Structures are given as C-alpha cells and as structure tokens.
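Fold and geometry: a report
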Amino acid sequence: MSPILLAGATLNQTPLDWEGNLDNIIQAIAMAKEKKVDLLCLPELSITGYGSEDLFLSYWYPKKALDSIQKILPHTQDITVLVGLPCRINNQLYNCMAVLEDREILGFVAKQFLAIDGVHYEGRWFTPWIGGEVSTIECFGKEYPFGDIIFNKKGHKYGFEICEDAWRGSLRPGHRLKQRGVDIIFNPSASHFAMGKSEQRELLVKESSKELGVAYFYVNLLGNESGRMIFDGEILYAERGEVLLKNKLLSFQAVQLQTFQFPAKAAKPLQLVHNLHTKNEEFMAASTLALFDYLRKSRSRGFVLSLSGGADSSTIAILVAEMVKRGVEMLGGPLFIKKIHREGDISPSSSIQEITGEIFTTAYQGTKNSSTATLNSAQNLAKSLGATFHHWTIDEEVNSYTHKIEKALGRKLNWEQDDIALQNIQARARSPIIWMLANIKKFLLLSTSNRSEGDLGYATMDGDTSGSISPIAAVSKDFILQWLRWAEKEKAYQGLSFVNSLQPTAELRPQERSQTDEEDLMPYPVISAIEKLAIRDKRSPMDVYLILKEEISLEPSILKGYIAKFFRLWSINQWKRERLAVSFHLDEFNVDPKTWYRFPVLSGGYREELGLMENLEE
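This one's a predicted model, so the numbers in the text were calculated from it and none came from an experiment. (Residues numbered from 1 in each chain as written. Predicted model: local features only at pLDDT ≥ 70, side-chain atom pairs only at ≥ 80, totals over all residues. Heavy atoms only, no water.)

Here the structure, examined in full by the defined rule, presents 32 aromatic pairs. Relative to Phe 584, the ring of Tyr 294 lies with its centre 6.4 Å away and its plane at 55°, an arrangement referred to as tilted. With a gap of 290 residues between them, Tyr 294 in helix α5 (residues 276-298) and Phe 584 in the loop between β22 (582-583) and α20 (607-614) connect regions that are remote in the sequence. Grouped by ring-pair contacts, the aromatic residues Phe 566, Phe 567, Trp 570, Phe 589, Trp 596, Tyr 597, Phe 599 and Tyr 606 constitute a single cluster. In this structure, Arg 88 packs its charged tip against the face of Tyr 59, placed 4.2 Å from the ring centre. Here the basic side chain of Arg 577 rests over the ring of Trp 570, its NZ or CZ set 3.5 Å away from the ring centre. (Phe/Tyr/Trp six-rings, centres within 6.5 Å; stacked < 30°, edge-to-face > 60°. Helix = DSSP H or I, 4+ residues; strand = E, 2+ residues; numbered from the N terminus. Lys NZ or Arg CZ within 6 Å of the ring centre and 35° of its normal.)

Following this line, the structure appears as structure tokens:
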C-alpha cells in the first residue's frame, strides 16, 4: 500500500454565517489540494458551527446544512474531505461526519456518545447513534450509507471517533474499529478550551494510538464561535504512542492546515512541556482571541472600560492591548483592521498603539473615596498601552441620589446604618455615563467581575457588573493576581508596576475605614479552595471542612466560619449570577448558570448542611 498524505484543518466558524463558514471550508480544501493532500479532515459540525444551540431543534436548519454539501462537492475532485454537520433521519437529529470524494458522497458517520456535562448540552438536540448499526439516508435523489461505517483510501482503512466518543473508556468506538482492522482513526472535535485541557488531549491521542494500534488524527474547531465557548483549534497526530504533530493553538487565522504522511517515516516525537507558565500563556491567548472574535462578529467598533486602576480592570486592559498586538502580528495591520471592520477610518499603516487608541477607550470614575494611587495606576497603565484615557468624578451624581433618598426618608444616611447602600450607589452612579460613552462610540462595554466575586455576590448589580461581556468572570481572583505579576515580568507590561503594588480594594468606603476586598470577604486562596470543592466537585459543607482542615493551616472555628460564609453568600446571590454579562469559559469550571453550573435562585441556603458542619468536633 502506498503512503497517503493526511491533513487536518481547523476552522473559525459562526452559527448562521453560511457564506463565511462555506468560504472557510472551501479555503481549507484549496490549501490541502495545493499541498497534494489525499485526505482532509475538518472539525465536528463545521458547516453550521457547534454553538448553534436551539437552531438544531428546527427542521430547516439541519436541512440547509445538508444542502450545503452540494456546494462543497464540486471542490472535492481528487481529494477526500471529511466534514461535520447535523443530519435528521425519522425525526431524530444526529451529529455526523460526511465523507466526500471525487464529487461524490461516500456516506455519513454518526456520533455515538453525546457530551452532556459542563458546558455541553448535546442531549438536548441530538440522538446518539447505536454502535454497529448501519442505515441509509436519502438526499439529493439518492440513498447513502449512514451510521457506524468505515472507509478505504488507497488500501488504508479509516474510521471515526467524533469528539466525546473517544472519552468513553472501554465503551469507545475505537475498540470496535480496532477489531475491524482500521489503520487510521480521525477524531473531528468541537472540544471547548479550558486552561490545561490541551495536555489532557495530548495524552488521549498518544494513548489511543498505542492502545488501538492506529494512527490517530485529532482536529478541533477554532475561536470564540458564538459568544461564550472558545475553541483552541488544536490539531494532533500520533502513531505508536508518540505525538508527532501539534500545531500552534488559538490562532487569529480563520483557517489553519497541518499535514502528515501516513505511515510516518523516521518522525521525531515531540517534547511537550506544561507548567503554570503554560496556563498563564493559555489564558492570555484564549482571552485575546475571544475578544477579537467577539468584536468582529458583533460588528462593534471597539471597547470601553471603566478602568479603576485595580487588578480586574487592569487585567482586561492588558488583554485588549494584547489582542491588538497579537492580531497585528498574526494577520498584519491592514488585515487586522479589515477583520474588525475599521478599514474606513483607521490607516493601514497605523502602529499597534495607534490602533489600540482608536478601538479602546478607558475612563477613571473617581469619588471622594478614591485614592491618588489608583488614579495614577489607571492613568499610567492606559498611557503605556496607548489606550484613550478619560478622568471624571461622580460625586455630584452620588450626592444627588443621596439627597433625594434622604429627603424621601426624612433622615440622613450614615455608614453605620447604610453601609451597603452607600457603597452600591457609587458603583451604580458610574454605570449610566460609561454606558453612554459606549453607546455614542458604538463600542462594547467591558464588565470587570471575576469568578471569586461571582461566588460570593461581591459585586453591584447595574454597577461594576454593567457591560456587554465579562471577559474574566470565569477565572478566580487569586489567579488574576498572580497572572498580573507574570504579565509585568514575562510580557514586559511595565504599566502594571503600579497595579501590582496595590492591595485589592473596592474604594467605596471612606479612606479612613481602610477597606480591602479580603477583609470584606476572606483570603482569596481560601475562596478558591472552598470553591473547587463546593462547586467544581459538588461537595457538601461538611465534606469541604473535613478536607480543608487537613490542607489549610487555619483554626477550625475560623475555617468553619469561612465555609459557612461561602455557602450562605453563594445561595443568596444566585440571582446575581443569572444576570452577569456574557462571559468566556476559560477554566476547568465556571459559575455561569447558562453554561456550567445551575443552582436554584431560591433555596434553603444549606441551613441543615451548615448545622451538621458546625456540630463536627474540632
């Protein structure tokens, strides 16, 4: 049997962008043909995009996806193309790969196991195919084989595990494919990005090639497809238990193609290294790509940020500036400007800082409780990035609201009695004017909430939570704090030196009260430790205490107090999490009820469970 040249292409697709999605597919085929590829694998659901949500429930949407095959077929002369789409048979919708070759349809393979946990809700839309079964589908006036099928290319047998199929251990289709004598298994995927997940995929691909005795080719989708979920565009190839090919992830290019000859000849295994530095890089790369895609797909003109000089808003400022930097480096200035639809008013010869100034506007909105330290921090950071910077105070607005309510109540407000209200009105008074600026400029307003604040409701609704998107709502505050120090040192963002010297504070109480976030809440590492057990691992308060008392050096009574505070605040603040702006899924878990963790808005608040914990011996 002669060797064959395989290729995988990762695509940045968008639901309902039929023309754009088809253009990417045709571009990938053209790139493959230019390299004389024999067989090209495209990602899962690449015709429609994975994030089509309840569009999959309609009849017209899958039908239009199937009709798109007719537009792809003319481009498949002298090449085999594997492309993902939804297919409906007998009122059941299946997640499929179509195999196209020499302008003909060879058949359709259906996914056997559906992803139904975390950010995935495939069971809402699709039906799993039964392994070993083969049927037919009628389309375009002919019948084609449909189901659990293998194919042949120049004497080499190949089959599929579609994304989740590969993660089902002894039940995975790969074992039957091995028995059927396949040489190559393709894994077209729509696997969401999470920090550290690439390492898991590398292990899967490597071990699969060894255990199943096949060449294993993995191809993932790319980009912030539809708002929340990010795909990293990973392409992996392994033989005999060694990863031989891995591409650069999270590209701003809409199409990436990687080729490999099967069987491999004297290929050198890759040396793959992962550490905390890797996670920091992944966070930056994923967030910047997500911002870029959100900006261009929403057809907004730029971003507005209320820049407080603190850690959260400064993180987002760095990410926006880094988005411009990476976009220009990967695409070139003219194409980057065109992609964000600003070619009409931004010169193609503009520098990175000049582009940043055109698409990124910041404002420091001070009060009498704000410090010169945070003003200097915000101003210096904005200047170092090239962002447009404004500074105004909102004391007049706060005083106006306060005087009106004092008149209505017939008494003066004071910090002893009205602490939360006096804090919140400052945060809320900032919202209308920053929204006004965003509306006038036709920019997206960036919200600055982080995951730790989301856990405990330490945020003012319609205040600091105001925004179109919330880029860091899926990462913890202690991660943010270490990331900022890393970004200053490793990425030379010197403007962060002011930010990193400050203690995190909301600056909503008078300065003589010395407000800090951790005094209001608890130490951020403790929040993260409780959160991982309570939310990620879904443990009870008693379990959390029994585990953490062995891991954290705290007095039992103090630890119990922190755990009780976490569960109480978590319970009463679900309504806030329901209203947070759209956020990116970045970590192994998040607290967004629309994607990862659902919790009742009204509940008993763990009263009995906290009582059991309190009664444990210390």
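Counting 82 residues, the largest nonpolar core has Leu 40, Ile 69, Phe 108, Phe 146 and Phe 566 as its most contacted members. Top element by residues in this core is helix α16 (residues 524-536). It accounts for eight residues. Residues contacting Ile 69, with those up to four places away along its chain left out, are Ile 47, Val 83, Leu 85, Ala 98, Leu 100, Ile 105 and Phe 140. (Core = buried A, V, L, I, M, F, W, Y, C linked by side-chain atoms within 4.5 Å. Buried < 20%, exposed > 50% of the residue type's maximum accessible area, 1.4 Å probe, protein only. Contact = heavy atoms within 4.5 Å.)

The end-to-end C-alpha separation of helix α18 (residues 556-572) is 24 Å, in line with the 24 Å expected for 17 residues at 1.5 Å each. Burial in α18 covers these residues: Leu 559, Lys 560, Ile 563, Ala 564, Phe 566, Phe 567, Trp 570 and Ser 571. Along the long axis of α18, the arc covered by the buried residues comes to 155°, so they all point the same way. For α18, the secondary structure elements touched by its buried residues are α12 (451-456), α16, α17 (541-548), α19 (574-579) and α20. (Expected span 1.5 Å × (residues − 1). Arc of directions from axis to C-beta.)

With that settled, the discussion passes to the pairing of strand β10 (residues 184-189). Among the six residues of β10, six are classified as buried, and the element is accordingly described as predominantly covered. Bridge count between strand β9 (residues 156-160) and β10: three bridges; the pairing is parallel. Each residue of the ladder has a partner; that of Gly 159, found in β10, is Ile 185. The parallel pair β9 and β10 is bridged by helix α3 (residues 173-179), and the resulting crossover is right-handed. Sheet analysis places β10 next to strand β11 (residues 215-220), joined by six bridges and oriented parallel. By the bridge assignment for β11, Ser 189 is matched with Asn 220. Regarding the hand of the β-α-β motif, the stretch spanning β10, helix α4 (residues 197-212) and β11 is right-handed. (Pairing = 2+ DSSP bridges. Right-handed = clockwise from strand over helix to strand, strands pointing away.)

Viewed as axis vectors pointing N to C, α17 and α20 meet at an angle of 35°, and their least axial separation amounts to 8 Å. Counted together, Pro 541, Met 542 and Tyr 545 of α17 and Glu 609, Leu 610, Leu 612 and Met 613 of α20 form the full contact between these two elements. Per-class residue counts for the contact of α17 with α20 are six nonpolar, no polar and one charged. (Axes fitted to C-alpha atoms, helices over the stretch in contact; angles between N-to-C directions. Nonpolar A, V, L, I, M, F, W, Y, C, P; charged D, E, K, R; others polar.)

Turning our eyes to something else, we now look at a nonpolar patch on the surface. On the surface, a cluster of nonpolar side chains totalling about 340 Å² of accessible area is made up of Trp 575, Val 601 and Leu 602. Checked against the element boundaries, Leu 602 lands in the loop between β22 and α20. (Patch = residues over 30% accessible without salt bridge, like charges linked within 9 Å, V, L, I, M, F, W, Y side chains within 5 Å. Areas by Shrake-Rupley, 256 points an atom, 1.4 Å probe, with all protein chains shown as cover. Salt bridge = Lys/Arg side-chain N within 4 Å of Asp/Glu carboxyl O.)

On to unusual backbone geometry. Most peptide bonds take the trans form, and the phi angle of most residues other than glycine is negative. The omega torsion of the bond from Phe 262 to Pro 263 falls at -5°, within 30 degrees of zero and hence cis. Residue placement: Pro 263 occurs in the loop between β16 (255-262) and α5. With a phi close to 75°, Leu 16 is a non-glycine residue in the positive phi region. Structurally, the position occupied by Leu 16 is in the loop between β1 (4-11) and α1 (18-34). A positive phi angle is found at Arg 103, which is not glycine, with a value near 65°. Residue placement: Arg 103 occurs in the loop between β4 (92-101) and β5 (104-110). What makes Arg 103 partly exposed here is its relative accessible area of 48%.

Within this structure, the stated rule accounts for 33 salt bridges. Between Glu 234 and Arg 201 there is a salt bridge, with the nearest N and O atoms lying 2.5 Å from each other. Placement of Glu 234 in the loop between β13 (230-232) and β14 (235-239) and of Arg 201 in helix α4 is noted, with a sequence separation of 33 residues between them. Residue Glu 234 is classed as buried on the basis of its relative accessible area, which comes to 0%. A salt bridge links Glu 588 to Arg 536; the nearest nitrogen and oxygen atoms lie 3.0 Å apart. Of this pair, Glu 588 sits in the loop between β22 and α20 while Arg 536 sits in helix α16; the two residues are 52 residues apart in sequence, bridging distant segments of the chain. When its relative accessible area of 28% is taken as the criterion, Arg 536 is described as partly exposed. One network of salt bridges, in which partners are shared, links Arg 201, Glu 202, Asp 232, Glu 234 and Lys 246.

Bringing the side chain of Asp 293 into the picture now. Following the sequence through the fold, Asp 293 ends up in helix α5. Given a relative accessible area of 0%, Asp 293 falls into the buried group. Discounting chain neighbours no more than four positions away, the residues touching Asp 293 are Asn 12, Gly 223, Asn 224 and Ser 298.

Let us look at α4. In an α-helix, one turn spans 3.6 residues; hence positions three or four apart end up facing the same way. With 16 residues, α4 extends 22 Å between its outermost C-alpha atoms, agreeing within 8% with the 22 Å of an ideal straight helix rising 1.5 Å per residue. Buried within α4 are the following residues: Lys 197, Ser 198, Arg 201, Glu 202, Leu 204, Val 205, Ser 208, Ser 209 and Leu 212. The buried side chains of α4 occupy one side of the element, clustering within an arc of 160° when seen end-on. The positive-phi residue at the C-terminal boundary of α4 is Gly 213, with phi of around 65°.

So, about the sheet that holds β14. Read from one edge of the open sheet, six strands run β8-β9-β10-β11-β14-β15, paired in mixed fashion. Both edges of this open sheet fall to β8 (151-153) and β15 (242-246), since each of them pairs with a single strand only. Going across the sheet, the axis of each strand differs from the next one's by a mean of 25°, ignoring polarity. Taken together, the three bridges between β8 and β9 define a ladder with antiparallel strand orientation. Across the sheet, residue Lys 153 finds its bridge partner in β9, namely His 156. Against the sheet, α4 contacts β10, β11, β14 and β15, and its axis sits at roughly 30° relative to β14.

No statement about biological role is implied by the geometric values presented.
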